[in-house]
Amino acid sequence: MAVRYGFFEETARGFEPLPFAASAWSPTMINGPAVCGLMARTLEQQHCSAGFMPARLTVDLFRPTQAKPLTVVTELVRDGQRIRVADAALMQDGVDVARSTVVFLKRSVQPPGQLWTRAAVPQPPSVPVATEPTRPLWGSDAHAEGWSSEIGEHQNASRKRMWQVPMWVIEGETPSPFVGAVVIGEATSLMTNWGSAGIGFINTDMTLALARQPVGSEVGVEADSHISVDGVAVGSATLFDRTGSFGTCVVTALSNARRQVDFTNGDVIAAKAGIQ
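Residues numbered from 1 in each chain as written. Predicted model: local features only at pLDDT ≥ 70, side-chain atom pairs only at ≥ 80, totals over all residues. Heavy atoms only, no water.

Novice: Describe the overall build of the chain, with residues and values.
Specialist: Per the secondary structure count, the chain includes 4 helices and 17 strands. Its C-alpha radius of gyration of 18 Å places the chain within 12% of the 19 Å reference for a compact globule of 276 residues. On the principal axes, the C-alpha backbone points of the chain span a range of 55 × 50 × 45 Å. In the chain, which comprises 276 residues, the share counted as buried stands at 51%. Within the chain, counting contacts between residues at least 6 apart in sequence, those at least 24 apart form 67% of the total. (Helix = DSSP H or I, 4+ residues; strand = E, 2+ residues; numbered from the N terminus. Rg over C-alpha atoms; globule rule 2.2 N^0.38 Å. Buried < 20%, exposed > 50% of the residue type's maximum accessible area, 1.4 Å probe, protein only. Contact = heavy atoms within 4.5 Å.)

Quick look at the structure:
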């Protein structure tokens, strides 16, 4: 039987989840990359005009998304010459379970002058270029080899990173560069909240900001910071491809310690797709 790389298939009932859409928190829930990718795909297809690029996507994940059919409803909020804004609601059984806003910006010329930027650019692993969905490669500063395909090897207290050709949001449909960046970018929660005892924070949102689209099919995400107090966390990460950095992602998260995911103890659902 052929491998199914998609999170969803589109049917008369809406978007029906496939096995890779399962969450590591519970098999009855849909994971964050699938939810965010589906809304990004719908917003881009319905509201992105020629000459514009999706520069910022914010997703609020305020209810558990159950493993059953979904619908997406969008609305164009502003249609300007240089800025377009659209909203989306993800619905199950007539109830909103997540919402998102995308900002499309008109491409133009760069202004003059030199600007400060991050000096240390994340580096991809030394592997052949891939175009079809792949298992994620995991990286951490404390790992002897830097990168490996075994997620449990990177359960430590050091900086984390991931590299992957993202899963398809819709079965059989190669995602756009923007949608692929969203799918990988949602792993900011995993990269920034994953420590020596596994991951015990579940993200309640994500904000992805892009200066350009990724080049090629492969996308990486590297943690920049983690701050947490009293069960509330903020994490940020840099997205990169083989040509350099192209965006930033920020997430907030709540403690979910009673369902701590330990990747050294057989919790491998997320490892299949680089997701939580």
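Novice: Could you give me a rundown of the nonpolar core, with the residues and numbers involved?
Specialist: With 57 residues, the main nonpolar core has Phe 8, Leu 38 and Leu 90 as its most contacted residues. At 7 residues, helix α1 (residues 32-47) tops the list of elements feeding residues into this core. The contacts of Leu 90, once residues within four sequence positions are left out, are Val 35, Leu 38, Met 39, Thr 65, Leu 70, Thr 71, Val 72, Val 95, Asp 96, Val 97 and Ala 98. (Core = buried A, V, L, I, M, F, W, Y, C linked by side-chain atoms within 4.5 Å.)

Novice: Tell me about the pattern of salt bridges, residues and numbers included.
Specialist: For the structure on display, the rule yields 15 salt bridges. One salt bridge connects Asp 60 with Arg 99, and the closest N-O pair in it is separated by 3.1 Å. One end of the pair, Asp 60, is in strand β3 (residues 52-60); the other, Arg 99, is in strand β6 (residues 95-106), and 39 residues separate them in sequence. For Arg 99, a relative accessible area of 48% gives the class partly exposed. (Salt bridge = Lys/Arg side-chain N within 4 Å of Asp/Glu carboxyl O.)

Novice: How would you summarise unusual backbone geometry if you had to cite specific residues and measurements?
Specialist: Both trends apply: most residues other than glycine have a negative phi, and most peptide bonds are in trans. Positive phi is not limited to glycine here, since Asp 93 has a value of about 55°. Within the secondary structure, Asp 93 sits in the loop between β5 (83-92) and β6. Judged by relative accessible area, which is 65%, Asp 93 ranks as exposed. You will see that Asp 230, though not glycine, has its phi angle at about 55°, which is positive.

Novice: Would you mind going over helix α2 (residues 177-185) in detail, with residue names and values included?
Specialist: Along α2, 8 of the 9 residues are buried, which leaves the element largely enclosed by surrounding structure. Within α2, the full set of buried residues consists of Phe 178, Val 179, Gly 180, Ala 181, Val 182, Val 183, Ile 184 and Gly 185.

Novice: How would you sum up the packing of aromatic side chains? Please name residues and give values.
Specialist: If you walk through the whole model with that rule in mind, you get 4 aromatic pairs. Ring plane angle 85° and centroid distance 5.9 Å describe the contact between Trp 138 and Trp 194, whose orientation is recorded as edge-to-face. You can see Trp 138 sitting in strand β7 (residues 137-140) and its partner Trp 194 sitting in strand β11 (residues 194-195), a full 56 residues away along the chain. Look at Trp 138 and you get buried, because its relative accessible area is 1%. (Phe/Tyr/Trp six-rings, centres within 6.5 Å; stacked < 30°, edge-to-face > 60°.)

Novice: Let's hear about the sheet that holds strand β10 (residues 168-170): which residues, and what values?
Specialist: A sheet is described by the order of its strands in space; here 3 strands give the open sequence β2-β1-β10, paired in mixed fashion. The sheet is open, and its two edges are formed by β2 (14-17) and β10, each paired on a single side. Ignoring strand direction, the axes of neighbouring strands in this sheet form an average angle of 25°. (Pairing = 2+ DSSP bridges. Axes fitted to C-alpha atoms, helices over the stretch in contact; angles between N-to-C directions.)

Novice: Give a detailed account of the environment of Leu 239, specifying residues and quantitative values.
Specialist: By the secondary structure assignment, Leu 239 is in strand β16 (residues 232-241). Setting aside anything within four residues of it in sequence, one finds Leu 239 in contact with Ala 181, Gly 185, Leu 208, Val 219, Gly 220, Val 221, Gly 244, Ser 245, Phe 246, Gly 247, Thr 248 and Cys 249.

Novice: Which residues make up a nonpolar patch on the surface, and what are the values?
Specialist: Taken together, the side chains of Ile 227, Val 234 and Val 250 make up a nonpolar region of the molecular surface, amounting to roughly 240 Å² of accessible area. Position of Val 250 relative to the elements: it lies in strand β17 (residues 244-255). We classify Val 250 as partly exposed; its relative accessible area is 35%. (Patch = residues over 30% accessible without salt bridge, like charges linked within 9 Å, V, L, I, M, F, W, Y side chains within 5 Å. Areas by Shrake-Rupley, 256 points an atom, 1.4 Å probe, with all protein chains shown as cover.)

Novice: Please provide a residue-by-residue account of the pairing of β6, values included.
Specialist: Bridge count for β3 against β6 is 8 bridges, and the pairing is antiparallel. Bridge assignment links Thr 58 to a residue of β6, and that residue is Thr 101. Pairing of β5 with β6 involves 10 bridges; the strand directions are antiparallel. Following the sheet pairing, Ile 83 is matched in β6 by Leu 105. Between β5 and the antiparallel strand that follows it, β6, lie 2 residues; Asp 93 among them carries a positive phi value of about 55°.

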